[in-house]
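# Fold and geometry: a report
Here is how the chains run, residue by residue.
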Amino acid sequence: MRTHQIAELGTSAWDWVTRNTPQWTATVNAKTRTSGINRIESDLRRRESGEVAMAVGPDGTNFVLSKSSTRDIPYDPVAISRMAGMTVIHNHTMSTSFSKSDLRTFVRSGATEFRIASPARTYVLKPTDPNFAGLSEPDRLAYWESRVQPRMLAIHEQKVKELQPVIRQFGEPAALSNLWPDVVKELAREFGWSYTIQEGPR
């Protein structure tokens with residue numbers, strides 16, 4: 001794990017997440033923290049391959065959670081246990097919303113904010129229940145398995161059925177290209193999450 005403070009950064013975020021020792025220790029405030037998050041996202045969204053997940057704490061402390069050379073980033077139990085109360089930033093090399101794995105991690109993690117930085121958009125999920133982050137990780141996993149996952153699968157199945165005429169006319173890839181953001185939007189509505197899509201790089 002590499003731990004740094006976001007403050008007065010004189011180099012790119014990608015440089016400072018790959019350094020072996022802390023480089024910045026200045027006190028951060030909300031403005032500086034937001035600027036640091038923007039810089040992390042800016043650098044991550046420029047990656048042409050591979051995925052990275054980072055966590056940023058309320059005080060600006062930030063560290064790499066996981067890296068992958070493929071499109072599927074692994075989240076081990078240790079990484080998930082370190083997300084509670086954090087802003088999690090994760091890149092997608094294509095402009096796609098939260099994957100099923102991302103949704104599962106969002107629910108399990110207890111993160112206060114989960115951000116997907118893609119080339120054209122930023123997708124943001126936040127739990128609005130102040131008690132959610134206080135649940136234990138086993139309780140959040142049980143919540144995922146008993147409530148969220150069944151609804152996710154049911155919503156997805158229903159939307160695929162509704163799109164059958166479009167699928168027959170235009171083919172499955174074209175018809176389903178915008179389906180998953182709609183699934184996430186419906187889940188957010190049902191479970192009281194805040195879900196926003198920010199167009200264009202920040």
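A brief structural summary.

Cut-offs used in this document
Residues numbered from 1 in each chain as written. Predicted model: local features only at pLDDT ≥ 70, side-chain atom pairs only at ≥ 80, totals over all residues. Heavy atoms only, no water. Helix = DSSP H or I, 4+ residues; strand = E, 2+ residues; numbered from the N terminus. Buried < 20%, exposed > 50% of the residue type's maximum accessible area, 1.4 Å probe, protein only. Contact = heavy atoms within 4.5 Å. Areas by Shrake-Rupley, 256 points an atom, 1.4 Å probe, with all protein chains shown as cover. Polar contact = N/O pair within 3.5 Å; in protein donor to acceptor, adjacent residues only side chain to side chain. Phe/Tyr/Trp six-rings, centres within 6.5 Å; stacked < 30°, edge-to-face > 60°. Salt bridge = Lys/Arg side-chain N within 4 Å of Asp/Glu carboxyl O.

## With respect to the overall build of the protein
Looking only at helices and strands, one finds eight helices and seven strands in the protein. Taken over 202 residues, the protein has a buried fraction of 45%. Within the protein, contacts between residues at least 6 apart in sequence are counted, and of these 62% link residues at least 24 apart. For the protein, the exposed surface amounts to about 10,200 Å²; the carbon and sulfur share of it is 50%.

## Some details on the side chain of Asp102
Turning to its location among the elements, Asp102 is positioned in helix 4 (residues 100-109). There is a polar contact of 2.9 Å between the side chain of Asp102 and the side chain of His92. Sequence-distant contacts of Asp102, that is, excluding residues within four places in its chain, are made with Tyr75, His90, His92, Ser97, Phe114 and Ile116.

## A closer look at helix 4
Within helix 4, seven of the ten residues are buried, which leaves it mostly tucked inside the rest of the structure. Listed in full, the buried residues belonging to helix 4 are Asp102, Leu103, Thr105, Phe106, Val107, Arg108 and Ser109. Two residues or fewer after helix 4 comes Gly110, characterised by a positive phi angle close to 75°.

## Details of the packing of aromatic side chains
Applying the stated criterion across every chain, the model contains six aromatic pairs. A connected cluster of aromatic rings, assembled from ring pairs, spans Phe98, Phe106, Phe114, Tyr143, Phe191, Trp193 and Tyr195.

## A look at the pattern of salt bridges
One pass over the full model with this rule turns up ten salt bridges. The partner of Glu41 in a salt bridge is Arg115, with the nearest N and O atoms 2.3 Å apart. You can see Glu41 sitting in helix 2 (residues 30-45) and its partner Arg115 sitting in strand 5 (residues 113-117), a full 74 residues away along the chain. Taking the relative accessible area as the measure of exposure, Glu41 reaches 1% and is therefore buried.

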